[in-house]
Amino acid sequence: MTASFFVIFLLTAVFGIYSLVTTQRALRETVGRTSIFLARNQIERIDRDIFLKIEDIQLYSKDEILQKTLLESNRAFDQLGSEYIDEKDSDWVSAPKDVITPFMKELIENEVSDALREEFISFWERKYGSRAYGEAFVTNKYGANIAQTGKTSDYYQADEKWWQTAKEKGFSVGNIEYDESAGVWTMPFGVRIDDREGNFIGVIKAIPYIKELVGEVELTTHRYQTTELKLLTVSGQLIYSSRAFKMLDDVSGENFFKQIGAGTEGFFISQQGGREVLFSYARSDGFRNFAGLNWILLIGQDTSEVFSTVYTLRDTLISVMALLLGLVGFLTLVLGRTFSNPIKKLTKGAENISMGNLDVQIQIESKDEMGKLAFAFNEMTSRLKKSYENLEEQVKKRTEELNNRVLELDKTAKLLVRRDFELLQANETLQKIDEAKSRFVSIAAHQIRTPISAIKWTIHMIMDNDFGKIPKAAKSALEIAAVSVDRLVELIGRLLNVASIEEGRFVYNFSEIAIEDVCKRVFTESIDSAKRRGVSLQIFLPPNPLPPIWADFDNLLIVVQNLVDNALRYTPRNGSVEIIVALDSQIQGLARVSVKDNGMGIPKRQEGLVGQKFFRGDNVVREQISGTGLGLYIISKILEKHDTKLEFESEEGKGSTFFFTLQFIKK
Amino acid sequence: MAEKPKNILPLRGISHGEKKSNVLIIEDEKFLYNLLEQKFQSAGINVDGAIDGETALKKIAEHAPDLILLDLLLPGIDGFEVLKRLKQDERFKHIPVIVISNLGETRDIDSVIKLGASEYIIKAESSPQEITDIVLKYCGK
């Protein structure tokens, strides 16, 4: 009992822990994946926005006025030479910071600078009420400033790295900088300007605000309350955070930064000031021909919130397990006490009885099933004892009774022997009667035939002129008489056959025979009769001999002969009768014998009667064609013995085909 | 079963110079006997008759015929018995016996042929001319 309890306990615990671990792992994986997906989404959006901003600037660089002005400026500078630029630049740089010289003013207030202001500043202020760009300016192909929205730090820009990169690569993205005048963080873009033929004619620089680029991140719906977003440079400088942060704050020393893997994305769990946070990250991988800036987007969520479902499940499982274990323990203890003890008592009682002690009584006081069982057990024991005591007396009594019975049986047996003898005698008598009866049928046929013979012989002899020449009319009358007598003979013959069949005296001699032989014999024997009736008789045999069949040759002869006789009888002059032997077309391993005529057929409504004793078609009876109606009956009986049956197809007035099938001997 | 003769022409008016065959007809039906007697005689055959088995055996012993026509159902010694005795007798077993009966069952025919009968004719199924033709065949005519 204790062992089984322990096993159940262990199993429950193992099962619980296993399911907990598995579920937790699966859920964590799902949540992590979802989070990565979000991070990837965000970083892609940022990359795309940067790309679109650059593209905007490129689009603007095709502006007609800008292009025209640049071409003019370049042509003028072709003549001026570098000394002019150096001179102007040193003038520019030496001017105090908040002083705008007339030359500078000229560059701020020309046609192109108006367009720049409209494109990068006024448009945004008008539309959104806030600025997206700090400033913008354009240099010609020599790096000299030609138009600006505000005062730039230098006149000459061609010595700057961003300018060179933009000229070489088409565009450049500068470092994040703080714009003191506007008090915002910016990230300058430099874009090369080409003329329509693709020749380099200048560079435009526009300085968008950072928050304009990464601001979209904030728009993300916060799925969980604890969700935080961070955008970091590859070296761990903070560019954006959904919490309060310091721009370009170095967080490379933080746990979460160290745990970021080398891959393009992933998730991990990190301890963050006493909280457990699930972080997912995605590295920027650019947008179209913009390679990206190697930024990393990080999404953090407190596990207590993300995994709350898992924890609820875990808590429930633990409670259920505890409850189960408690229940098992309780049952083991309580039921063990209620059941084990009485069962032990009962077992001991049973052992006692098996050893022959029938005085056992069990003491169980409870009123439950155990009590009932004990009561029943005691009852059984006392009954057992009583019957045991009775048994000997009973045996004695029964033995006496049995002795009496044996005497009676003896008498009965003698009686039976006498009855058996009587039955034997009766049987012999019956056999004798049977033989007598069969002999009687035989003799009766003989007795009828004798006077018929006399009549037949006389008729024939008169016809043969044995008693003197007779007139023609008499002869034809006698011919009819002769036919009638023949019919009478045939009828008697068939009656005799029917009697034999019904008495089971019809003898069958089965052997291996060829069905073709039967049909050929019938054909040979019937050809004369067919000629006399003016009916054409033909036989069709298969090209190759058929396999043998197991049958009674003589009886099959009767069958086919009868079918042919019938066909000849019911077919009018000039009609035709065919005997067809063939393989059955439907079932393999069967021979099919058909006798086909084009005689008067069998009326549809009488088809069911074919094969009954004395059946004859109505039409046949009307036409007064002789026949006994016994032929088909005899055929059916014989075919029955061959495990087959007579079948036919018939149409009144068009003829009938009677056929049967026989199985070949299986090799 | 006994085959019916097919291609034998009925013979009448046998030439008088030849020795006539003697046929013994064992038949208890007088009327049938008379018909056959008339038919055979006109075919040029000497005919003698016996109406039961006993008479027949006596007559055969006195004067052995060339051919015997034997009915099966006879008063006293029946045809089966007569046939059996004749075929067991060295003196008479060569005489052809044509059984002429109205018993038509296979087992009757089988047992008679087994006993040594040469032919089996069912009276009701034959005409006197057909019987005569068969007899003439056995008389070697």
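This one's a predicted model, so the numbers in the text were calculated from it and none came from an experiment. (Residues numbered from 1 in each chain as written. Chains lettered and ligands numbered in written order. Predicted model: local features only at pLDDT ≥ 70, side-chain atom pairs only at ≥ 80, totals over all residues.)

Draft legend 1. Representation of the overall build of chain B in the model. Helices and strands together make up the secondary structure of chain B, namely five helices and five strands. From first element to last, N terminus to C terminus, chain B shows the α and β order β-α-β-α-β-α-β-α-β-α. Looking at chain B as a whole, 42% of its 141 residues qualify as buried. Counting contacts in chain B only where the partners sit at least 6 residues apart, residues at least 24 apart contribute 64% of the total. (Helix = DSSP H or I, 4+ residues; strand = E, 2+ residues; numbered from the N terminus. Buried ≥ 20, exposed ≤ 12 C-beta atoms within 10 Å, placed from the backbone. Contact = placed C-beta atoms within 7 Å.)

Draft legend 2. Molecular detail of the overall build of chain A. Secondary structure assignment for chain A yields 17 helices and 19 strands. The buried share of chain A, reckoned over its 667 residues, is 26%. A separation threshold of at least 6 residues defines the contact pool for chain A, and within that pool the share at least 24 residues apart is 62%.

Draft legend 3. Looking closely at the pairing of strand E2 (residues 145-148) of chain A. Residue and element names in this part refer to chain A. In terms of strand pairing, strand E1 (residues 133-140) meets E2 through three bridges, oriented antiparallel. Within the sheet, the bridge partner assigned to Thr139 lies in E2 and is Asn145. Linking E1 back to E2 in an antiparallel pair, the connection comprises four residues, with Gly143 at a positive phi of about 90°. (Pairing = 2+ DSSP bridges.)

Draft legend 4. Seen up close, the sheet that holds strand E4 (residues 97-101) of chain B. Residues and elements named next belong to chain B. Pairing in this open sheet of five strands is parallel, and the strands run E2-E1-E3-E4-E5 from one edge to the other. The open sheet is flanked by strand E2 (46-50) and strand E5 (119-122), the only strands paired with a single partner. Within this sheet the neighbouring strands show an average axis-to-axis angle of 20°, counted without direction. By the bridge criterion, four bridges tie E4 to E5 in an arrangement that is parallel. (Axes fitted to C-alpha atoms, helices over the stretch in contact; angles between N-to-C directions.)

Draft legend 5. Structural context of helix H5 (residues 128-138) of chain B. Residues of H5(B) that are buried: Pro128(B), Ile131(B), Thr132(B), Asp133(B), Ile134(B), Val135(B) and Leu136(B). Gly140(B) sits one or two residues past H5(B) and shows a positive phi near 75°.

Draft legend 6. Summary view of the interface of chain B and chain A. The interface is formed by 19 residues belonging to chain B together with 19 residues belonging to chain A. Contributions of two or more residues to the side of chain B that touches chain A are made by helix H1 (30-42) and H5 of chain B. A per-element tally of the side of chain B that touches chain A places H1(B) first, with six residues. Partitioned by chemical class, the residues of the side of chain B that touches chain A number seven nonpolar, seven polar and five charged. (Nonpolar A, V, L, I, M, F, W, Y, C, P; charged D, E, K, R; others polar.)

Draft legend 7. Highlighting the pairing of E5(B). Of the two faces of E5(B), both are covered, the one formed by Glu119(B) and Ile121(B) as well as the one formed by Tyr120(B) and Ile122(B). For the segment spanning E4(B), helix H4 (residues 106-115) of chain B and E5(B), crossover handedness is right-handed. (Right-handed = clockwise from strand over helix to strand, strands pointing away.)

Draft legend 8. Up close: the sheet that holds strand E7 (residues 200-208) of chain A. All names here are of chain A. Ordered by their spatial adjacency, five strands build an open sheet running E2-E1-E7-E6-E3, and the pairing between neighbours is antiparallel. Unpaired on one side and paired on the other, E2 and strand E3 (171-173) mark the two borders of the sheet. Across the sheet, the axes of successive neighbouring strands diverge by a mean angle of 15°, strand direction being ignored. As judged from the six bridges shared by strand E6 (residues 189-194) and E7, these two strands associate in the antiparallel manner. Its bridge partner being in E7, Arg192 is matched across the sheet by Val203. Across the sheet, helix H5 (residues 111-128) touches E1, E2 and E7, and the angle it forms with E1 is around 155°. Sitting on the sheet, helix H6 (residues 161-169) touches E3, E6 and E7, and the angle it makes with E6 is about 45°.

Draft legend 9. Broad picture of the environment of Val328(A). Mapped onto the elements, Val328(A) comes out in helix H11 (residues 308-354). C-alpha of Val328(A) to C-alpha of Phe9(A): the two residues are 319 residues apart in sequence and 7.7 Å apart in space.

Draft legend 10. Expanded view of the packing of helix H15 (residues 553-570) of chain A against helix H17 (residues 631-641) of chain A. Residues and elements named next belong to chain A. Packing of H15 against H17 leaves a shortest axis separation of 9 Å and a crossing angle of 150°. Judged on the interaxial angle alone, H17 and H15 are roughly antiparallel. The two elements H15 and H17 meet at a crossing, and its hand is left-handed. When H15 is examined against H17, the residues Asn555, Ile558, Val559, Asn562, Leu563, Asp565 and Asn566 are found in contact with a partner set consisting of Gly631, Ile634, Ile635, Ile638 and Leu639. A breakdown of the residues in the contact of H15 with H17 according to their chemical character gives seven nonpolar, four polar and one charged. (Parallel < 35°, antiparallel > 145°, perpendicular 65-115°, else oblique. Left-handed = near helix turned anticlockwise from the far one by under 90°.)

Draft legend 11. Region of interest: the environment of Thr381(A). All names here are of chain A. The topology assignment puts Thr381 in helix H12 (residues 369-463). For the pair Thr381 and Asp359, spaced 22 residues apart in sequence, the C-alpha separation works out to 7.5 Å. Those residues in contact with Thr381 that lie beyond four places of it in its chain are Ile353, Leu358, Val360 and Gln361.

Draft legend 12. Quick look at helix H2 (residues 64-80) of chain A. Residue and element names in this part refer to chain A. When the terminal C-alpha atoms of H2 are compared, their 24 Å separation across 17 residues agrees well with the 24 Å that a helix rising 1.5 Å per residue should span. Among all positions of H2, only Leu66, Thr69, Leu70 and Ser73 are buried. Along H2, the residues classed as buried sweep out an arc of 100° about the axis, all on the same side. Of the exposed residues in H2, those oriented more than 90 degrees away from the buried face are Glu64, Glu72, Arg75, Asp78 and Gln79. In this fold, the buried residues of H2 make contact with H5, E1, E2, E6 and E7. At the C-terminal side of H2, Gly81 shows a positive phi close to 80°. (Expected span 1.5 Å × (residues − 1). Arc of directions from axis to C-beta.)

Draft legend 13. Layout of the environment of Lys645(A). Residues and elements named next belong to chain A. Positionally, Lys645 belongs in the loop between H17 and strand E18 (647-651). You can call Lys645 exposed: it has 12 C-beta atoms within 10 Å. In sequence terms Lys645 and Ile635 are ten residues apart; their C-alpha atoms lie 8.7 Å from each other. Excluding residues that lie within four positions of it along the chain, Lys645 makes contacts with Ser636, Leu639, Glu640 and Phe660.

Draft legend 14. Just the confidence of the model for chain B, in detail. All names here are of chain B. Here chain B shows a mean pLDDT of 83. Residues at 70 or above account for 87%. Scored below 50 in pLDDT, residues 1-17 shows 22 contacts in the model against residues more than four places distant or in partner chains. Scored as a whole, the predicted complex attains pTM 0.43, and scored at its interfaces, ipTM 0.79. (pLDDT = per-residue confidence, 0-100.)

Draft legend 15. Looking closely at unusual backbone geometry. Residue and element names in this part refer to chain A. Here the phi dihedral of Leu248 falls at roughly 60°; this positive angle occurs in a residue that is not glycine. The backbone of Asn574 sits at a positive phi, close to 70°, despite the residue not being glycine. Among the secondary structure elements, Asn574 is positioned in the loop between H15 and strand E16 (576-583). Judged by the 10 C-beta atoms lying within 10 Å of it, Asn574 is exposed.

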